[in-house]
Number of protein chains: 2
Amino acid sequence: MNQTVGSPTLKLYGYWRSSAAYRVRIALNLKGMAFENLPVHLVKDGGQQHSADYKALNPQGLVPLLVDGDVRISQSLAILEYLEEVFPLPSLLPDDPADRARVRSLALHIACDLHPLNNLRVLQYLSGTLGVDDAAKQQWIQHWISTGLAGVEQGLAAFDGKLSLGRRPGYLEACLIPQVYNARRFACDLNAYPRILQMTEQCESLEAFSKAAPEVQPDAQ
Amino acid sequence: MNQTVGSPTLKLYGYWRSSAAYRVRIALNLKGMAFENLPVHLVKDGGQQHSADYKALNPQGLVPLLVDGDVRISQSLAILEYLEEVFPLPSLLPDDPADRARVRSLALHIACDLHPLNNLRVLQYLSGTLGVDDAAKQQWIQHWISTGLAGVEQGLAAFDGKLSLGRRPGYLEACLIPQVYNARRFACDLNAYPRILQMTEQCESLEAFSKAAPEVQPDAQ
């Protein structure tokens, strides 16, 4: 680590509506860390994430990317783990390894098995290459959201008492709230998920979450 | 943690050809930990992962699931993090936080942006619900594999010197080798990825990897 004295300003390359960038904004806010927001427009110019300049920074060609001095990190959950290791307090994870695993399991269920199926490049492939019409695409989106959120809801139920809803929001909420935002954007009915709705309501009243919301980002359209 | 004296035998619910279960088998072998292999057939009986009995254990209805005494953990990367925290040696991750982030970033690129797009339930949706034919499905599979592996290859190139190929295999290799197995299964050309091929060759000579291979699992068909 080549941290200069006082730590260099963290830079976050993101996009206002990227669910993965939204996770990192929440995590940085929860840790009370200042950061410079650098927008990468995922649609304009054929997708600025594909530009040679951006891919020199992040060969994966995706947002978000966190830059901390000479360290560059892509993948939102790798960024959350890094923040947790380098700036440990306040912590985003519980102390007990079993509880940490429960939190990571639900967060990864969202990050691996729900969100990637509905992100922009996949929807572009469905309509562009496979010629899927809008109604079938909407059905695809809703299918994966409802399958994934049902798993999270049941996981929260199973962990009740062990994963108290009253604890400080962190890693899981940083993944869940952006996913709920997406679900609402695609008009999914969320009434079957009372625990998720309760968690969302609790988080939305906090500044760390409201400041991270897509609509209030400088590049929001 | 309610570890009994001498630690209970770890149980791994998996499926021989599940890439995510394969990751966990490798990680357990690298740590030299004994485990009981409990097959969940992903196709037979309409998919045993959907059964009420299995979903009572894992509400996400997916494999793998690790059971350590009264702790149940789903999601392969949550399992790897748990193993790393509870049984720290030998470590699956480098010591330096920036290197750890580099490793996690590439592993998550596979686990989030590559593998979920090609797993069984998604391919079933493509052919079953969307009526995508075999040729287009094969093209879909190859598209996401080549996009993802190109990102990993370029990431390895960018990290060279920082992420020495000579170090002990761990977290990244546990994700990469199962993905290479999948790529070969779907006849993808891997010649554009010399670093990945070198890493694979190095790992395949190790018992931790050969013992975890799909073909030698008791439920392999």
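By convention here, each chain's residues receive numbers from 1 onward along its written sequence. Think of it this way: whatever chain is written first is A, whatever ligand is written first is 1, and the rest follow in order. Confidence filtering applies because this is a predicted model: local features only for residues at pLDDT of at least 70, side-chain atom pairs given and counted only at 80 or more, and all residues used for totals across whole chains, interfaces and linings. By convention in this description, side-chain values take in all heavy atoms of the structure and omit both hydrogens and water.

K.L.:
Please explain the relation of the copies chain A and chain B as it appears in this structure.
P.N.:
Mapping chain A onto chain B calls for a rotation angle of 180° and an axial translation of 0.0 Å; the resulting RMSD is 0.0 Å. The transformation just described matches what one would write down for a two-fold rotation axis. No C-alpha of chain A approaches the rotation axis more nearly than that of A:Cys112, which lies at 2.2 Å. What makes two residues a contact is simply this: any of their non-hydrogen atoms within 4.5 Å. Of the residues that chain A buries at the interface, 100% are likewise interface residues in chain B, meaning the two copies contact each other through the same surface. Least squares is used to superpose the copies, and the fit set is the C-alpha atoms of residues whose pLDDT is at least 70 in both copies.

K.L.:
Just to check I follow, could you spell out the interface of chain A and chain B for this structure?
P.N.:
Many descriptions give the size of an interface as the accessible area lost when the pieces come together. Counting residues at the interface gives 48 residues for chain A and 48 residues for chain B. Summed over both partners, the accessible area (1.4 Å probe) lost when two parts come together is defined as the buried area. Carbon and sulfur atoms make up 63% of the area that chain A and chain B hide from each other, which totals about 4,200 Å². On the chain A side of the contact with chain B, A:Glu85, A:Arg121 and A:Tyr125 bury the most area, a combined 14% of that side's loss. Any carboxyl oxygen of Asp or Glu within 4 Å of a side-chain nitrogen of Lys or Arg constitutes a salt bridge here. For the pair chain A and chain B, the number of links is 6 salt bridges. Between B:Glu85 and A:Arg104 there is a salt bridge, with its nearest N and O atoms 3.1 Å apart. Nitrogen and oxygen atoms within 3.5 Å of one another constitute a polar contact, given that in protein one can donate a hydrogen and the other can accept it, and given that sequence-neighbouring residues count only through two side-chain atoms. Counting the contacts that link chain A with chain B gives 18 residue pairs in polar contact (both at pLDDT 80 or more). Contributions of two or more residues to the side of chain A that touches chain B are made by strand 4 (71-74), helix 3 (76-86), helix 4 (97-114), helix 5 (120-128) and helix 6 (134-159) of chain A. If you tally residues by element for the side of chain A that touches chain B, the top one is helix 4 of chain A, at 13 residues. Along the lines of polarity and charge, the residues of the side of chain A that touches chain B split into 26 nonpolar, 12 polar and 10 charged. The helix and strand labels rest on DSSP assignments: H or I over at least four residues marks a helix, E over at least two residues marks a strand, and numbering proceeds from the N terminus. Note on residue categories: nonpolar means Ala, Val, Leu, Ile, Met, Phe, Trp, Tyr, Cys or Pro, charged means Asp, Glu, Lys or Arg, and polar means any other residue, Gly included.

K.L.:
Sorry, what's going on with the nonpolar core here?
P.N.:
The nonpolar side chains of a soluble globular protein tend to be buried with one another. Here, nonpolar core refers to any group of buried Ala, Val, Leu, Ile, Met, Phe, Trp, Tyr and Cys residues whose side-chain atoms link them within 4.5 Å. Each residue is placed in one exposure class: buried if its accessible area under a 1.4 Å probe, protein chains only, is under 20% of its type's maximum, exposed if it is over 50%, and partly exposed if it falls in between. Counting 151 residues, the largest nonpolar core has A:Trp140, A:Leu149, B:Trp140 and B:Leu149 as its most contacted members. Beyond its immediate stretch of four places on either side in the chain, B:Leu149 contacts B:Leu114, B:Leu176, B:Gln179, B:Ala183, B:Leu190, B:Tyr193 and B:Ile196.

K.L.:
How should the sheet that holds strand 2 (residues 35-39) of chain A be read in this particular structure?
P.N.:
Pairing between sheet strands relies on hydrogen bonds along the backbone, with the strands arranged either parallel or antiparallel. All names here are of chain A. Any two strands with at least two DSSP bridges between them are considered paired. Read across the open sheet, the 4 strands follow the order 2-1-3-4; overall the sheet is mixed. The sheet is open, and its two edges are formed by strand 2 and strand 4, each paired on a single side. Recorded for the sheet is a direction-independent mean angle of 20° between the axes of neighbouring strands. Pairing analysis gives 3 bridges linking strand 1 (residues 10-14) to strand 3 (residues 65-68), with the strands arranged antiparallel. Throughout, an axis means a line fitted to C-alpha atoms (over the contacting stretch in the case of helices), and angles, computed between N-to-C directions, take values from 0 to 180 degrees.

K.L.:
Explain the confidence of the model for chain A here, please?
P.N.:
Keep in mind that low pLDDT regions are not for reading the predicted coordinates in detail. Within chain A, residue pLDDT values average 91, and 93% of them lie at 70 or more. pLDDT under 50 marks residues 1-6 of chain A. Its contacts with residues more than four places away, or in other chains, come to 12 contacts. pLDDT gives the predictor's per-residue confidence on a scale running from 0 to 100.

K.L.:
For this particular structure, what's the right way to read the pattern of salt bridges?
P.N.:
Where charged atoms from two side chains of opposite charge approach closely, those side chains can pair. All told, the structure shown has 16 salt bridges over all chains when counted by the stated rule. Note that B:Glu81 and B:Arg104 form a salt bridge whose closest N and O atoms lie 2.8 Å from each other. Residue B:Glu81 is found in helix 3 (residues 76-86), and its partner B:Arg104 is found in helix 4 (residues 97-114); the two are separated by 23 residues along the sequence. We note that B:Glu81, like B:Arg104, is buried. When salt bridges with common partners are traced through the structure, they connect A:Glu81, A:Arg100, A:Arg104 and B:Glu85 into a single cluster.

K.L.:
Just to check I follow, could you spell out the pairing of strand 3 (residues 65-68) of chain B for this structure?
P.N.:
The two faces of the sheet receive side chains in turn, since in a regular strand these alternate between them. Across the two faces of strand 3 of chain B the burial is the same, with B:Leu65 and B:Val67 and B:Leu66 and B:Asp68 all buried. Linking strand 3 of chain B to strand 4 (residues 71-74) of chain B, which pair antiparallel, is a turn of 2 residues; within it B:Gly69 sits at a positive phi near 65°.

K.L.:
Please clarify how the side chain of B:Ser18 should be interpreted in this entry.
P.N.:
Residue and element names in this part refer to chain B. Within the secondary structure, Ser18 is located in the loop between strand 1 (10-14) and helix 1 (19-30). The exposure class assigned to Ser18 is buried, which follows from its relative accessible area of 9%. A distance of 3.3 Å separates a polar atom in the side chain of Ser18 from the backbone nitrogen of Ala20.

K.L.:
Would you take a moment to explain the sheet that holds strand 2 (residues 35-39) of chain B for this structure?
P.N.:
Residues and elements named next belong to chain B. One open sheet holds the 4 strands; their spatial order is 2-1-3-4, and the pairing between them is mixed. Looking at the sheet topology across the chains shown, the edges are occupied by strand 2 and strand 4. Across this sheet, the average inter-strand angle for adjacent strands is 20°, counted without regard to direction. The pairing of strand 1 with strand 2 spans 5 bridges and is parallel. Bridge pairing links Leu12 to Asn37 in strand 2. Strands in contact with helix 1 are strand 1, strand 2 and strand 3; relative to strand 1, the strand with the most contacts, it is inclined by about 155°.

K.L.:
So what exactly am I meant to see when it comes to unusual backbone geometry here?
P.N.:
For residues that are not glycine, phi is negative in most cases, and the peptide bond is trans in most cases. In this structure, the amide linkage connecting B:Val63 to the following residue, B:Pro64, adopts the cis form with an omega of 0°. Examined against the element boundaries, B:Pro64 turns out to sit in the loop between helix 2 (52-57) and strand 3. Backbone torsion omega between B:Leu89 and B:Pro90 reads -10°, so that peptide bond is classified as cis. Within the secondary structure, B:Pro90 sits in the loop between helix 3 and helix 4. Positive phi values are uncommon outside glycine, yet A:Asp45 reaches one of about 55°. Along the chain, A:Asp45 turns up in the loop between strand 2 and helix 2 (52-57). A relative accessible area of 63% places A:Asp45 in the exposed class. Unusually for a residue other than glycine, B:Gln75 sits at a positive phi of about 75°. Structurally, B:Gln75 is set in the loop between strand 4 and helix 3.

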